[in-house]
Amino acid sequence: MAPAAATAKLLFLVSVLLAAASSSSTPAAATTLTLHNLCPFPVWPLVTPNTGFPSISDNTGRLDGGGRGLVSFRFPQTFWAGRVVARTGCVVSVSGAAAAACETGGAPPATVVQLAVHAGKEGDLAAYSVSLVDGFNVPAVVSPQAVGGGQCPALGCAAAADINAGCPQGQRVVGRGGAAVACRGPPAYFKGRCPLTRTTPVDVEPVPQRCLAPGELKVVFCQPAMVNAAGGEGEAAGRIRNVVADN
């Protein structure tokens, strides 16, 4: 697999999650994953578990644009890690399911939402980020809801950044309609417009994160602007730095 493709499949193996695993007994109620499409066009979300984890979506659904498309899934009451990508411009079958051909999201460049959730006796511990390591196609923001404590910042890239429109000419992916539908980079361009994303394999967000017992991890496509972070006080221990590529 090409290095760029491998880096997009990042598995959060964070020390705080491993510590939670060793101390947990009876799992609490599982966190919900909610996907909401505010884009002015439909998207076909692709929820992919990392190797060894169960699927939580059949990946056949379409989320209509303008806020009408909304779907939720339950994470297993165990450790789970995976990624979410929004496919666009898909050729659909009579049933409305996404076919193999999509303009973006089926391969890089694509915005990748990375998630890891471990169910513990005191509630789930969540780790999350938005990766532009392999490029960008759709604005995406992750914002934990109904959190139980810790530091739970909203992370990602909002629609206001206008990444595709400002993408350097040589880095653009042009769609059937002649407009830019995805952007390959460079990392400095992404980081300048979306500082709360990861743009290289060693990049990390400039905010601490240790999110305890979120009732919901909400991924919003084309959120107009970043929202205030939800979280506790203090710096710290929850800053997520260590990632390992999932084959």
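It should be noted that the structure appears before, not after, this text.
Read on for an overview of the structure. What you are looking at is a predicted structure, and each value in this text was computed from that prediction instead of being measured.

1. So, the state of the cysteines
No. 1: The final tally for this structure, using the stated rule, is 5 disulfides.
No. 2: The side chain of Cys-90 participates in a disulfide bridge whose partner is Cys-102; the two sulfur atoms lie 2.1 Å from each other. The S-S bond linking Cys-90 to Cys-102 shows a torsion near 105 degrees; that makes this disulfide right-handed. Taken as a pair, Cys-90 in the loop between β5 (80-87) and β6 (112-118) and Cys-102 in the loop between β5 and β6 lie far apart in primary sequence, 12 residues in all.
No. 3: Note that Cys-167 is cross-linked by a disulfide to Cys-183, the S-S spacing being 2.1 Å. Here Cys-167 and Cys-183 share a disulfide; its torsion about the S-S bond, 80 degrees, makes the bridge right-handed.

2. Here we look at the nonpolar core
No. 1: Core analysis: the largest hydrophobic core is formed by 39 residues, its most contacted members being Leu-33, Leu-35, Leu-115, Ile-163 and Phe-221.
No. 2: For this core, the elements supplying multiple residues, two or more each, are β2 (32-37), β5, β6, β7 (125-131), β8 (140-145), β10 (155-157), α4 (187-193) and β14 (216-221).

3. What about unusual backbone geometry?
No. 1: The linkage connecting Pro-108 with the following residue, Pro-109, adopts the cis geometry, with an omega of 0 degrees.
No. 2: Structurally, Pro-109 can be placed in the loop between β5 and β6.
No. 3: In this model, Gly-185 is joined to Pro-186 through a cis peptide bond whose omega is 5 degrees.
No. 4: Note on placement: Pro-186 falls in the loop between β12 (180-183) and α4.
No. 5: The phi angle at Asn-59 is positive, at roughly 60 degrees, despite the residue not being glycine.

4. Details of the side chain of Asn-59
No. 1: Note that Asn-59 resides in the loop between β3 (44-49) and β4 (69-74).
No. 2: You can call Asn-59 buried: its relative accessible area is 17%.
No. 3: Ignoring anything within four residues of it in the chain, the contact list for Asn-59 reads Pro-45, Leu-46, Val-47 and Arg-87.

5. Regarding the side chain of Thr-31
No. 1: Mapped onto the elements, Thr-31 comes out in the loop between α2 (15-23) and β2.
No. 2: A relative accessible area of 2% places Thr-31 in the buried class.
No. 3: A polar contact is formed between the side chain of Thr-31 and the backbone oxygen of Pro-214, at a distance of 2.9 Å.

6. Thoughts on the environment of Ala-182
No. 1: Positionally, Ala-182 belongs in strand β12.
No. 2: Between the C-alpha atoms of Ala-182 and Asn-164, which are 18 residues apart in sequence, the distance is 5.8 Å.

Parameters at a glance
Residues numbered from 1 in each chain as written. Predicted model: local features only at pLDDT ≥ 70, side-chain atom pairs only at ≥ 80, totals over all residues. Heavy atoms only, no water. Disulfide = S-S within 2.5 Å. Helix = DSSP H or I, 4+ residues; strand = E, 2+ residues; numbered from the N terminus. Core = buried A, V, L, I, M, F, W, Y, C linked by side-chain atoms within 4.5 Å. Buried < 20%, exposed > 50% of the residue type's maximum accessible area, 1.4 Å probe, protein only. Contact = heavy atoms within 4.5 Å. Polar contact = N/O pair within 3.5 Å; in protein donor to acceptor, adjacent residues only side chain to side chain.

Taken by themselves, the reported measurements are silent on function.
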